[in-house]
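Okay, here's what each chain looks like letter by letter:
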Amino acid sequence: SGSTVCPDSNNVAATSQLSIQNCAGAVSNQDCGTFSVMNGGEVNGTCLTSNLTGTATLELNGTSIECYSSNISGDVVQSAGNATLLVAGPPSTPTFHSPVCTPINSTSVGVAVSWSEPLDDGGAAVDSYTLAAQGPVGNCTPESPCQLTSLERERDFVLQFGESYTFTASATNCQSSSCGEAQTSEDAETTVNLSDPATDLKLEVCPVYGSDHELKQAAASWTTLCPVLISPGDIPCVSVDQYQLQLSPGSDPGLTVDCTGCGACGCQCSGSVAVTDQLQEADIITVTLTALAGGVPFQTASTTIRSANNILQVDFMPYMLLDTVVVNCTFLDGFTGSDTAGCRISYGTDQQNLSSMLSSGQREEGRDSVQLNLTLSDNQLYYYEVTVDDGAGDCVGVKVEGTYVLSGCNPTDLCPS
């Protein structure tokens, strides 16, 4: 009489002991005989008077069990349900994702190493992961790997540019007595290589002075930095996306340049910062360029300029001919360029288009000045820019700009000479 209730779920994990309710509904022990569990061989249990429940000890070498009950006479009266024994096997190998970078500074970067859970857990839920790193990381070493829970599939590291790192991760299931012996997957492995920054940030500054030797602005130029690459995939890990140009002393916020017009890697970018009254009071002004990657300072470069022009003096001298002006460019003590550097002037009546009129000349050996002859219209306002010419037309350290009006006079009068 009564019935045997065998676990009938297909999710029963393998275990060394399994409790089975026998003779459910029996009134007394006399109504209950014995029950049997078939698992490649018969295992007998007995009824207990207190709760009418028997316990059978099972070996973990089968894949299913069947439960039988019998009456006092020994006749089998009912078979109630089957249960599948899930003997845990090793999980499949996890899969690493592409690393994710976070800029830190010019020598290191934060890298998030992550992986996906195994496609097959081996018959029991994954309980933990083991992560090891080879390379100068300082933690999770092969000798002392990091243990992570089943919900932790990512770890952040600080990695150095120009280094190579190897990461391994394995999954372990069944870390409790309810599912038998734990099983661990084979190691997943990925190698992360970081390139060196392609170049150092180099800054060139042409201070722009007025006709009275006062500093008006700092015109800077530089070559944009190439991204630091990370493998696998040689994908950009750190990409400079902005540059900040600042003058000091003072609290001027400076200028932020994104350089998007010239591309992201290895092209010329430029910016000009105006000079405040506070800066004019300083003799020496520091110009600092900061390369930013995601808002984080990545590299810096700096140089100094003077608030007063001690490099190049420009004088306009009307000549006896009414339409001729001599421009005298004198190299002062602060000039440190080539002895053969010359002078180049761009001028015109349209301040936005001075390239239509050009004149240049080189210094003769032993001389500290260059004279340029210009043909100008009487009583006409001209805008001009004078730069040091190294022979290739490049600015070398200074630019002088201003306006000039040629005032007519009769050659028979006392004209300036």
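Keep in mind it's a predicted model, so treat the numbers as computed, not measured. (Residues numbered from 1 in each chain as written. Predicted model: local features only at pLDDT ≥ 70, side-chain atom pairs only at ≥ 80, totals over all residues. Heavy atoms only, no water.)

Scanning the chain for helices and strands turns up one helix and 32 strands. Burial statistics for the chain: of 417 residues in total, 40% are counted as buried. Once local pairs closer than 6 in sequence are excluded, the contacts in the chain between residues at least 24 apart make up 61%. Working note: accessible area of the chain is about 21300 Å², and carbon and sulfur atoms make up 45% of it. (Helix = DSSP H or I, 4+ residues; strand = E, 2+ residues; numbered from the N terminus. Buried < 20%, exposed > 50% of the residue type's maximum accessible area, 1.4 Å probe, protein only. Contact = heavy atoms within 4.5 Å. Areas by Shrake-Rupley, 256 points an atom, 1.4 Å probe, with all protein chains shown as cover.)

Turning to the sheet that holds strand β27 (residues 324–331), a few remarks are in order. Neighbouring strands of a sheet are bound in pairs by backbone hydrogen bonds; such pairs are parallel or else antiparallel. Strand order across the open sheet formed by three strands is β26-β27-β30, with antiparallel pairing between neighbours. Of all the strands in the sheet, the pair left with one neighbour each is β26 (312–318) and β30 (369–375). Across this sheet, the average inter-strand angle for adjacent strands is 20 degrees, counted without regard to direction. The sheet contact formed by β27 and β30 spans seven bridges and is antiparallel. Paired with V325 across the bridge in β30 is L374. (Pairing = 2+ DSSP bridges. Axes fitted to C-alpha atoms, helices over the stretch in contact; angles between N-to-C directions.)

Right, let's talk about the sheet that holds strand β25 (residues 296–306) for a bit. The strand order across the open sheet built from four strands is β22-β21-β24-β25, with neighbouring strands paired in antiparallel fashion. With one partner strand each, in any of the chains shown, β22 (255–257) and β25 form the two edges of the open sheet. Mean inter-strand twist for the sheet, computed between neighbouring axes without regard to direction, equals 20 degrees.

With respect to the helices and strands, S369 occurs in strand β30. Not counting chain neighbours up to four residues away, the residues in contact with S369 comprise N328, C329, T330 and R363.

Our focus in this paragraph is the packing of aromatic side chains. For the structure on display, the rule yields nine aromatic pairs. For the ring pair F157 and F167, a centre distance of 5.1 Å and an interplane angle of 50 degrees mean the geometry is tilted. Of the two residues, F157 sits in strand β13 (residues 154–160) while F167 sits in strand β14 (residues 164–173), which places them ten residues apart along the sequence. Here F157 and F167 have matching classes, each one buried. Ring centres of W222 and Y243 lie 5.5 Å apart, and the angle between their planes is 45 degrees; this geometry places the pair in the tilted category. Residue W222 is found in strand β18 (residues 215–223), and its partner Y243 is found in strand β21 (residues 242–248); the two are separated by 21 residues along the sequence. (Phe/Tyr/Trp six-rings, centres within 6.5 Å; stacked < 30°, edge-to-face > 60°.)

Right, let's talk about the state of the cysteines for a bit. In this structure the tally under the stated criterion is five disulfides. Between the sulfur of C101 and that of C237 lies a disulfide, 2.1 Å long from S to S. Residues C101 and C237 are joined through a disulfide that is left-handed, its torsion about the S-S bond being -110 degrees. Pair noted here: C101 is in strand β9 (residues 100–103) and C237 is in strand β20 (residues 235–238), with a separation of 136 residues, a long-range link. Take C101 and C237: they sit in the same class, and that class is buried. Each disulfide pairs two cysteine sulfurs, and for C259 the partner residue is C269, the sulfurs being separated by 2.0 Å. Judged by the sign of its S-S torsion, about -100 degrees, the bond between C259 and C269 is left-handed. Here C269 lies in strand β23 (residues 268–274) and C259 lies in the loop between β22 and β23, a separation of ten residues in the sequence. In terms of burial, C259 and C269 fall into one category: buried. (Disulfide = S-S within 2.5 Å.)

Side-chain pairs of opposite charge can arise whenever the charged atoms involved come near each other. Using the criterion set out here, one finds three salt bridges in the structure. With a closest N to O distance of 3.1 Å, D283 and R306 form a salt bridge. Separated by 23 residues along the polypeptide, D283 in the loop between α1 (277–280) and β24 (284–293) and R306 in strand β25 bring together distant segments of the chain. Take R306: its relative accessible area is 32%, and that puts it in the partly exposed class. (Salt bridge = Lys/Arg side-chain N within 4 Å of Asp/Glu carboxyl O.)

Keep in mind these numbers describe shape, not what the thing actually does.
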